[in-house]
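# A look at the structure
This is what each chain is made of:
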Amino acid sequence: MNKVPDGQAETTSTVDTNSPKPAIISERALIGALVQDFDSTIQVCQKENISHSSFTDAYALNAWTAAMRLNEDHKIVDLVTVSERMTGDPIENMLSLGE
């Protein structure tokens, strides 16, 4: 076994099986961008043909659907309105979207 030099941390290559999959992280990051700056983000989404079928995470899909319905109704799309339009508890939705 190799000794770690003083002042350096030992590293291991273990995988945390409880951490979210990269797709989920990306989908939730997209939703975060959407509720922060809808007008700019939706342009990128449209250019990249992102739609409800692009999502694998149920939570991100719920938020996407809420945002798209708000947009169709010509309502403001932001953290508060998306949280309220999503299924489930609006306060819990807002806390999760704010992470």
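Above this text you will find the structure in question.
The structure reproduced in this document is the subject of the present report. In this text the structure is predicted, and so the values were computed from the model without any measurement.

## Some remarks on the overall build of the protein
Counting its regular elements, the protein contains 5 helices and 0 strands. Counting helices and strands in the order they occur from the N terminus, the protein gives α-α-α-α-α. Here the protein holds 99 residues, and the buried ones make up 26% of them. Carbon and sulfur atoms form 51% of the exposed surface of the protein, whose accessible area is close to 7400 Å².

## Structural notes on the packing of aromatic side chains
Per the stated rule, a full pass over the model turns up 1 aromatic pair. Where F55 meets W64, the ring centres are 5.2 Å apart and the plane angle is 40°; that geometry is what we call tilted. Per residue, the accessibility class of F55 equals that of W64, and both read buried.

## Here's the deal with the packing of helix α1 (residues 22-36) against helix α2 (residues 38-47)
When two helices pack together, their arrangement is given by the angle between the helix axes and the distance between those axes. Across the interface, α1 lies against α2 with an axial gap of 6 Å and an inter-helix angle of 135°. Judged by the inter-axis angle, α1 sits oblique to α2. Contact residues: α1 offers L30, A33, L34 and Q36, while α2 offers F38, T41, I42 and C45. For the contact of α1 with α2, a count of residues per class yields 6 nonpolar, 2 polar and no charged.

## Quick notes on the environment of S51
Residue position: S51 is located in the loop between α2 and α3 (58-72). Residue class for S51 comes out partly exposed when judged on its relative accessible area of 26%. Of note is the side chain of S51, whose polar atom sits 3.0 Å from the side chain of S53.

## Section: the environment of I42
Inspection of the secondary structure assignment puts I42 in helix α2. The exposure class assigned to I42 is buried, which follows from its relative accessible area of 9%. Setting aside its immediate chain neighbours within four residues, I42 contacts L34, W64 and M68.

Rules and cut-offs
- Residues numbered from 1 in each chain as written.
- Predicted model: local features only at pLDDT ≥ 70, side-chain atom pairs only at ≥ 80, totals over all residues.
- Heavy atoms only, no water.
- Helix = DSSP H or I, 4+ residues; strand = E, 2+ residues; numbered from the N terminus.
- Buried < 20%, exposed > 50% of the residue type's maximum accessible area, 1.4 Å probe, protein only.
- Areas by Shrake-Rupley, 256 points an atom, 1.4 Å probe, with all protein chains shown as cover.
- Phe/Tyr/Trp six-rings, centres within 6.5 Å; stacked < 30°, edge-to-face > 60°.
- Axes fitted to C-alpha atoms, helices over the stretch in contact; angles between N-to-C directions.
- Parallel < 35°, antiparallel > 145°, perpendicular 65-115°, else oblique.
- Contact = heavy atoms within 4.5 Å.
- Nonpolar A, V, L, I, M, F, W, Y, C, P; charged D, E, K, R; others polar.
- Polar contact = N/O pair within 3.5 Å; in protein donor to acceptor, adjacent residues only side chain to side chain.

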